[in-house]
Amino acid sequence: MFQKDIIPNFAPQFKTLFAMAVTRLKRKDRRNKAIATNKINAIKHLTQTPEIKLVDIEAIKAEFAAKAAK
């Protein structure tokens, strides 16, 4: 019926004409990012380990004994 050179190719035009519009919800995006960063910071805070220091146990025992003697 139709020859290939007679039928125009409409597909590329429709891709640009009928592309879906995207609206970004900036406030929701900021809130989602803030929630994510707060979760990450909370996890980091909970998993922190204190700095291990060398403690002289004998000195602490002597100090308690001195306080108890008073």
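Residues numbered from 1 in each chain as written. Predicted model: local features only at pLDDT ≥ 70, side-chain atom pairs only at ≥ 80, totals over all residues. Heavy atoms only, no water.

(A) Inspection of the overall build of the chain at higher detail. Across its full length, the chain holds three helices and zero strands. Walking the chain from its N terminus toward its C terminus, one meets helices and strands in the order α-α-α. Considering the chain as a whole, with its 70 residues, one finds that 0% of them fall into the buried category. Of the roughly 7800 Å² of accessible surface on the chain, 63% is carried by carbon and sulfur atoms. (Helix = DSSP H or I, 4+ residues; strand = E, 2+ residues; numbered from the N terminus. Buried < 20%, exposed > 50% of the residue type's maximum accessible area, 1.4 Å probe, protein only. Areas by Shrake-Rupley, 256 points an atom, 1.4 Å probe, with all protein chains shown as cover.)

(B) Just a positive patch on the surface, in detail. Together, Lys26, Arg27, Lys28, Arg30 and Arg31 give the surface a local cluster of positive charge. Residue position: arginine 27 is located in helix α2 (residues 26-46). (Patch = residues over 30% accessible without salt bridge, like charges linked within 9 Å, V, L, I, M, F, W, Y side chains within 5 Å. Salt bridge = Lys/Arg side-chain N within 4 Å of Asp/Glu carboxyl O. Lys, Arg positive; Asp, Glu negative; His and termini not counted. Charge placed at Lys NZ, Arg CZ, Asp CG, Glu CD.)

(C) Summary view of a nonpolar patch on the surface. Taken together, Val55, Ile57, Ile60 and Phe64 make up a surface patch of nonpolar side chains, about 410 Å² in accessible area. Within the secondary structure layout, isoleucine 60 lies in helix α3 (residues 57-69).

(D) Molecular detail of the pattern of salt bridges. Counted under the stated rule, the structure contains two salt bridges. The salt bridge involving lysine 67 is made with glutamate 63; its shortest N-O contact spans 3.8 Å. Of this pair, lysine 67 and glutamate 63 both sit in helix α3, four residues apart, roughly one helical turn. Here lysine 67 falls in the exposed class, since its relative accessible area comes to 55%.

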